[in-house]
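Analysis of the macromolecular model
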Amino acid sequence: MKKLTTTMMQQTLNKQDRRLTVGLDLGDRSSFYCVLDEAGDVLMEQRVNTTPKAIKEIFGAMPRSRIALETGTHSPWVSRLLSELGHEAIVAHARSVRLIGESRRKDDRIDARTLARLVRIDPQLLCPVKHRSAEAQADLTVIRARAALVRARTMLVNAARGLTKSYGERLRGCNARGMKPKAAQDLSPELKSALEPMMREIESVSERICEYDHLLESMTRNKYPEAERLKQIKGVGTLIALTYMLTLEDPHRFRKSRDAACYVGLQPGRRNSGQSEPQMHISKEGDPYLRTLLVQAAHHVLGPWGVDSDLRRWGMKLAEHGGKRGKKRAVIAVARKLAVLLHRLWVSGDVYMPLRSSGRATLPAVA
């Protein structure tokens, strides 16, 4: 197909009185888009650089269109930019569009054309998702950066411990936060000189993590005071409350609080067919980091430091059944209840009552 300049493209598209449909296959450096008319015929197929300037130049010259793109690294800012240009941006769930992901003919041109044809027929076929706002994404980036530092510290601590054990020695202390150069004082001279730079780096990373913790506390006080409602639950701190709020962003997007647990992927999957209703694992859809934090909170609720509550009693009773895997299932079940309960507290603003009964265990009051 002959390559068109921006002016020629604008003249061609402006002749179309009816609404256009566009499929945009995003790439890291360049993207491919396909434009269909109302009859489903291909008007043009072109490549564009994946930069704000190039996207604005191409799609700013188009009349208002319906544009489909897949979730990915660039989809948040691209979808916001297209919406600002007046287009209807529909972000397809990449894992749900198997017609593209599992196609044997994987090509940017074909993927863009498939996206355009699917969104032209019915946007719901793409399982559209809603990206969070730029402000929420910026605040969530602080949490992501902290999590990256925590992973780096864990890797360094594990490496230091493994290296000392290969010499038949051990580092003092087991808390990663307290891992400082003085922990290597009792090591042999050759091992001490080898690990001291790594220990100083671990201490530096811990200091940076503390700075992020202070930043999150300040962010909670100044921008998200509703997080205090979520922190009423013992085991839910600033990090979990703020991550939960920024990931969901709008609590009213869910009709029921139970839908919040489905959003984070803590509900069992379904594959019912006829009389067959197999028991499946959780779907693990949604944000994996938030799901990890909720599972950590569930471990605290059921652990030795958890306070007495209806939620803990219910989880402990559930853990008594199911043999060796009973505890694991109880942890996931409590994490799912936490996702529901946090949404309920966020929306209603109620005061959390850990114990509503002094007798037998009851479920926490959630909708």
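Being a predicted model, the structure only gives us computed values, none of them experimental.

**Some thoughts on the overall build of the protein chain**
- The number of helices and strands found in the protein chain is 13 helices and five strands.
- Across the protein chain, contacts joining residues at least 24 apart in sequence account for 59% of those joining residues at least 6 apart.
- Carbon and sulfur atoms form 49% of the exposed surface of the protein chain, whose accessible area is close to 20,700 Å².

**Topic: the packing of helix α2 (residues 52–59) against helix α3 (residues 75–84)**
- It is at 11 Å that the axes of α2 and α3 come closest, and there the two elements cross at 35°. Of the two elements, α2 crosses α3, and the hand of that crossing is right-handed. Residues Pro52, Ile55, Lys56 and Phe59 of α2 touch α3, and the partners they reach there are Trp77, Leu81 and Leu82.
- Partitioning the contact of α2 with α3 into residue classes produces six nonpolar, no polar and one charged.

**What to know about the side chain of Glu70**
- Among the structural elements, Glu70 can be located in strand β4 (residues 65–70).
- With a relative accessible area of 16%, Glu70 lands in the buried category.
- Apart from residues lying up to four places away in sequence, Glu70 is in contact with Leu24, Asp25, Leu26, Ser75, Val91, Ala92, Ala94, Val97, Ile100 and Leu115.

**Some points on the nonpolar core**
- Counting 48 residues, the largest nonpolar core has Ile143, Ile233, Tyr244, Leu294 and Leu338 as its most contacted members.
- Of all elements in the fold, only α6 (134–165), α7 (189–222), α8 (227–230), α9 (238–248), α10 (258–263), α11 (288–302), α12 (310–319) and α13 (326–348) reach the threshold of two or more residues within this core.
- When residues in this core are grouped by element, the largest group, 11 residues, is from α13.
- Setting aside chain neighbours within four positions, we find Tyr244 in contact with Leu230, Ala260, Leu290, Ala339, Leu342, His343 and Trp346.
- Grouped together as the second largest cluster of nonpolar side chains are 18 residues, Leu20, Met44, Phe59 and Ile67 included.

**Side note on the environment of Ala184**
- Tracing the backbone through its elements, the reader meets Ala184 in the loop between α6 and α7.
- Given the relative accessible area of 0%, Ala184 is considered buried.
- C-alpha of Ala184 to C-alpha of Arg172: the two residues are 12 residues apart in sequence and 7.3 Å apart in space.

**A look at the packing of aromatic side chains**
- All told, the structure shown has three aromatic pairs when counted by the stated rule.
- Here the aromatic rings of Tyr244 and Trp346 are separated by 6.3 Å at their centres, their planes lie at 65°, and the arrangement is edge-to-face. Highlighted residues: Tyr244 in helix α9 and Trp346 in helix α13, separated in sequence by 102 residues. A single burial state applies to Tyr244 and to Trp346, both of which are buried.
- With a centroid separation of 5.3 Å and an interplanar angle of 65°, the aromatic rings of Phe254 and Tyr263 are classed as edge-to-face.
- Overall, Phe254 belongs to the buried group, its relative accessible area being 12%.

**A short note on unusual backbone geometry**
- Residue Cys127 is not a glycine yet carries a positive backbone phi of 50°.
- Mapped onto the elements of the fold, Cys127 is located in the loop between α5 (108–121) and α6.
- For Cys127, a relative accessible area of 34% gives the class partly exposed.
- Non-glycine residue Glu249 carries a positive phi angle of around 65°.
- Looking at the secondary structure, you find Glu249 in the loop between α9 and α10.
- By relative accessible area, which is 30% here, Glu249 ends up partly exposed.

Conventions used here
- Residues numbered from 1 in each chain as written.
- Predicted model: local features only at pLDDT ≥ 70, side-chain atom pairs only at ≥ 80, totals over all residues.
- Heavy atoms only, no water.
- Helix = DSSP H or I, 4+ residues; strand = E, 2+ residues; numbered from the N terminus.
- Contact = heavy atoms within 4.5 Å.
- Areas by Shrake-Rupley, 256 points an atom, 1.4 Å probe, with all protein chains shown as cover.
- Axes fitted to C-alpha atoms, helices over the stretch in contact; angles between N-to-C directions.
- Left-handed = near helix turned anticlockwise from the far one by under 90°.
- Nonpolar A, V, L, I, M, F, W, Y, C, P; charged D, E, K, R; others polar.
- Buried < 20%, exposed > 50% of the residue type's maximum accessible area, 1.4 Å probe, protein only.
- Core = buried A, V, L, I, M, F, W, Y, C linked by side-chain atoms within 4.5 Å.
- Phe/Tyr/Trp six-rings, centres within 6.5 Å; stacked < 30°, edge-to-face > 60°.

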